[in-house]
2 protein chains.
Amino acid sequence: MIDRLCIFGVGLIGGSLAMGLRKAGLCQTIIGCSRSKNHLQRAQELGIIDDYSTNPAEAVKGADMVFLAVPLGAMHPILAQIKDHLAEQVIITDGGSAKQSVKEAAEAVFGSLPPRFILGHPIAGREKSGVEAAIDHLYQDRKIILTPVSDSDQTAIDKVTAMWEACGASVECLDVKVHDQILAATSHLPHILAYELVATLVDCEESDRVFNYAAGGFQDFTRIASSDPVMWRDICIENKTAVLNMIDLFENRLKNLKVMINHQDGDAIVEEFSLAKTARDKMLLSNRKHKDNNNKDNQ
Amino acid sequence: MIDRLCIFGVGLIGGSLAMGLRKAGLCQTIIGCSRSKNHLQRAQELGIIDDYSTNPAEAVKGADMVFLAVPLGAMHPILAQIKDHLAEQVIITDGGSAKQSVKEAAEAVFGSLPPRFILGHPIAGREKSGVEAAIDHLYQDRKIILTPVSDSDQTAIDKVTAMWEACGASVECLDVKVHDQILAATSHLPHILAYELVATLVDCEESDRVFNYAAGGFQDFTRIASSDPVMWRDICIENKTAVLNMIDLFENRLKNLKVMINHQDGDAIVEEFSLAKTARDKMLLSNRKHKDNNNKDNQ
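Parameters and conventions
- Residues numbered from 1 in each chain as written.
- Chains lettered and ligands numbered in written order.
- Predicted model: local features only at pLDDT ≥ 70, side-chain atom pairs only at ≥ 80, totals over all residues.
- Helix = DSSP H or I, 4+ residues; strand = E, 2+ residues; numbered from the N terminus.
- Rg over C-alpha atoms; globule rule 2.2 N^0.38 Å.
- Buried ≥ 20, exposed ≤ 12 C-beta atoms within 10 Å, placed from the backbone.
- Contact = placed C-beta atoms within 7 Å.
- Least-squares fit on C-alpha atoms with pLDDT ≥ 70 in both.
- Axes fitted to C-alpha atoms, helices over the stretch in contact; angles between N-to-C directions.
- Left-handed = near helix turned anticlockwise from the far one by under 90°.
- Nonpolar A, V, L, I, M, F, W, Y, C, P; charged D, E, K, R; others polar.
- Pairing = 2+ DSSP bridges.
- Domains from an automatic or database assignment.
- Expected span 1.5 Å × (residues − 1).
- Bend = angle between axes of the 7 residues up to and from the residue.
- Right-handed = clockwise from strand over helix to strand, strands pointing away.
- pLDDT = per-residue confidence, 0-100.

1. Let's talk about the overall build of chain A
Piece 1. Across its full length, chain A holds 12 helices and nine strands.
Piece 2. The C-alpha radius of gyration of chain A comes to 21 Å, within 12% of the 19 Å expected for a compact globule of 299 residues.
Piece 3. Its C-alpha atoms give chain A principal-axis dimensions of about 65 × 45 × 40 Å.
Piece 4. Put simply, chain A has 299 residues, and 52% of those count as buried.
Piece 5. Counted over contacts in chain A with a minimum sequence separation of 6, partners at least 24 positions apart contribute 76%.

Below is the structure:
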């Protein structure tokens, strides 16, 4: 049970956690904090938070759990503001998409990562953002990755795990660096490709007509290019090494494909595309199996 | 009214045209032709075609409309086989994703593009393929692009237009080269990026674990990487110039972004991502308006 949860950034991620916990009855009081009083008022009207403050130091007072759901670039300033106002036994966790970056922000503020600061990342989202998009089942059947370090407090890990499990999620632990590599591959690179595809089309020769002929496949493919540019700026910068590494790998792959196309090497092209198709079809199959097993477990 | 329609390739595209026309009552008899007797039998069982032949020369006998829904690489051999067996007034059209390529195949076989060969391309598709995936409303509210040339027969253009409109589609005409450029941008490049993204992940450091953590966004983004590798090999080769040009543009864009990320130039990154987000959001808005207007027209 959480007595007093303080959520920084009551948007889709923070708001959905609040709603999920409320539904599960796991939380007494939820306090919201953000720079926008309007957003906080709206969140309170919607019953997502009980109270709010735009002052971080005030917001965390008496909280036994703090959840940071703000863009990566905002982690350090918030931590600096709350540092001297935290309850002694408080547990801190976050939803940042790159873990090394949050770890370093915490180290810069606290000297070292506090044992009860459990780095985390819910692998969940929606096309829409903001508190109006928050739903109580966003984390149902989704994965939450925690990246505890060697001296992380086991009770704190357990409490953060229980918080997410109450929302229907399954929790897995990964090494900080491995998390950042995996997310660069499965999330950061795809977002960059989607943004850059659309940007390329804006500037291409038939640009004025191109978007008229974009079919459903294109709209699916570019859905993530409607994501928040500021959030994704932060991710690119804060997970720079892994992101640039993935872009390099992708560039090499694309360069090789260009040679195949240029040489009209049909067999090599089919082999390349089949490699991708097989991997994707296998992923879908394994996700489906995983889901079926979960459903069986719940019966 | 079409007396006898001969469809080459009774899969998603060809089968859905047959079903749409049947529903509209625009076609007397539909003949299917493909290399696989099993597929043709299945199509007949499903009531999609009335009869079939695996012999192209026989299949086109007496047909007043021929629709080619085969991979681009199969256009030339089929045209060569049917050339001497076509009825005098036959209209030919196709569904190929690159028009210059089909035009050249026809020129190679017939000496020049026959005036009643109306090059076409339905901008429609589904994730699934094959005759089992065919549906009678695939073309409802979708765009069909025709690319007639200067000596195309107007009656033939009108008849092909009427055929597609009977399936609920709207027909627009474009220049061959413009079509190929636009499709390279909105369809061919996205497919290539999706294939190459998945292929990159197969070969990256954390490959064995990467696919376990791919969320819904990744699945949407890579949906088109489950497309048929042979069809996409043909498109890459047959629309080589436009495809390579688009890849070059994309590569340059990505290279510039890498510099921004490397220099941690946050403002430039936000500008780049916002350019994409704005263009995509505008596209969605304009598509929605277009749909609303169509709905109004139908009331």
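After that view, the rundown keeps rolling.
2. A short note on helix H10 (residues 229-238) of chain B
Piece 1. Within H10(B), eight of the 10 residues are buried, leaving the element largely enclosed by the surrounding structure.
Piece 2. Among the residues of H10(B), those classed as buried are Pro229(B), Trp232(B), Arg233(B), Asp234(B), Ile235(B), Cys236(B), Ile237(B) and Glu238(B).

3. So, the environment of Phe117(A)
All names here are of chain A.
Piece 1. Residue placement: Phe117 occurs in strand E6 (residues 117-118).
Piece 2. Taking the C-alpha atoms as reference, Phe117 lies 9.9 Å from Met65; in sequence the two are 52 residues apart.
Piece 3. Dropping the residues within four chain positions of it, Phe117 is found in contact with Ile92 and Ala106.

4. Some points on the environment of Val178(B)
Residue and element names in this part refer to chain B.
Piece 1. Here Val178 is to be found in helix H7 (residues 176-203).
Piece 2. Residue Val178 is classed as partly exposed on the basis of its C-beta count, with 17 C-beta atoms lying within 10 Å.
Piece 3. Put simply, Val178 and Ala242 are 64 residues apart on the chain and 9.7 Å apart in space, counted from C-alpha to C-alpha.

5. As for the relation of the copies chain B and chain A
What relates the two chain copies is a rotation about an axis together with a slide along it.
Piece 1. In screw terms, the move from chain B to chain A is a rotation of 180 degrees and a rise of 0.0 Å along the axis, fitting with an RMSD of 0.0 Å. Such values leave the two copies arranged in the relation of a two-fold axis. Judged by C-alpha distance, Phe221(B) is the residue of chain B that lies nearest the rotation axis, at 2.3 Å.
Piece 2. Taken together, the interface assignments show that 100% of the residues at the interface of chain B recur at the interface of chain A, consistent with an identical surface on both copies.

6. Focus on the packing of helix H7 (residues 176-202) of chain A against helix H11 (residues 240-262) of chain A
Residues and elements named next belong to chain A.
Piece 1. Where H7 contacts H11, the two axes come as close as 9 Å, and the packing angle between them is 65 degrees. Taken as a pair, H7 and H11 cross one another with a handedness that is right-handed. Between H7 and H11, the contacting residues are Asp180, Gln181, Ala184, Ala185, His188, Leu189 and Ile192 on the first element and Ala242, Val243, Met246, Ile247 and Phe250 on the second.
Piece 2. Residue composition of the contact of H7 with H11, by class: nine nonpolar, two polar and one charged.

7. A short note on the interface of chain B and chain A
Piece 1. Residue-level contacts link 74 residues of chain B with 75 residues of chain A.
Piece 2. Secondary structure elements with two or more residues in the side of chain B that touches chain A: H7, helix H8 (207-210), helix H9 (216-221), H10, helix H11 (240-262) and helix H12 (266-298) of chain B.
Piece 3. For the side of chain B that touches chain A, the element with the most residues is H7(B), which contributes 19 residues.
Piece 4. Looking at the side of chain B that touches chain A, its residues break down into 46 nonpolar, 12 polar and 16 charged.

8. Details of the sheet that holds strand E3 (residues 51-53) of chain B
Residues and elements named next belong to chain B.
Piece 1. The parallel open sheet is built from six strands, whose spatial order is E3-E2-E1-E4-E5-E6. Two strands bound the open sheet, and with one partner strand each, they are E3 and strand E6 (117-118).
Piece 2. In terms of strand pairing, strand E1 (residues 2-8) meets strand E4 (residues 65-68) through four bridges, oriented parallel. For Ile7, the partnering residue across the bridge sits in E4 and is Phe67.

9. Remarks on the domain arrangement of chain A
All names here are of chain A.
Piece 1. You can read the domains of chain A as domain 1 (2-174) and domain 2 (178-264).
Piece 2. On the side of domain 2, 14 residues touch domain 1, which itself brings 14 residues to the contact.
Piece 3. If you tally residues by element for the side of domain 1 that touches domain 2, the top one is helix H5 (residues 99-110), at three residues.
Piece 4. Here the residues of the side of domain 1 that touches domain 2 are counted per class, giving five nonpolar, seven polar and two charged.

10. Quick look at unusual backbone geometry
Piece 1. Phi at Gln264(A) is positive, roughly 50 degrees, even though this residue is not glycine.
Piece 2. Taking the number of C-beta atoms within 10 Å as the measure of exposure, Gln264(A) has 13 and is therefore partly exposed.

11. Concerning the pairing of strand E4 (residues 65-68) of chain A
Residue and element names in this part refer to chain A.
Piece 1. Burial of the side chains of E4 extends over both faces: Met65 and Phe67 are buried on one face and Val66 and Leu68 on the other.
Piece 2. In terms of strand pairing, E4 meets strand E5 (residues 91-94) through four bridges, oriented parallel. Bridged to Leu68 within E5 is Asp94.

12. A closer look at H7(B)
Residues and elements named next belong to chain B.
Piece 1. Between its first and last C-alpha atoms H7 spans 38 Å; for 28 residues at 1.5 Å apiece the expected length is 40 Å, and the two agree.
Piece 2. In H7, a bend of some 50 degrees at Ala184 exceeds every other bend along the element.
Piece 3. Across the 28 residues of H7, 23 count as buried, placing the element largely inside the fold.

13. Some thoughts on the pairing of strand E8 (residues 143-146) of chain A
Residue and element names in this part refer to chain A.
Piece 1. Side-chain alternation along E8 places Ile144 and Leu146 on a buried face and Lys143 and Ile145 on a face that remains uncovered.
Piece 2. The pairing of E8 with strand E9 (residues 170-173) spans four bridges and is parallel. Bridge pairing links Ile145 to Glu172 in E9.
Piece 3. Once you follow E8 into helix H6 (residues 154-166) and on to E9, the crossover reads as right-handed.

14. Some points on the confidence of the model for chain A
Piece 1. For chain A, the average pLDDT comes to 94, and 97% of its residues sit at 70 or higher.
Piece 2. Interface confidence for the predicted complex, expressed as ipTM, amounts to 0.89; the pTM equals 0.90.

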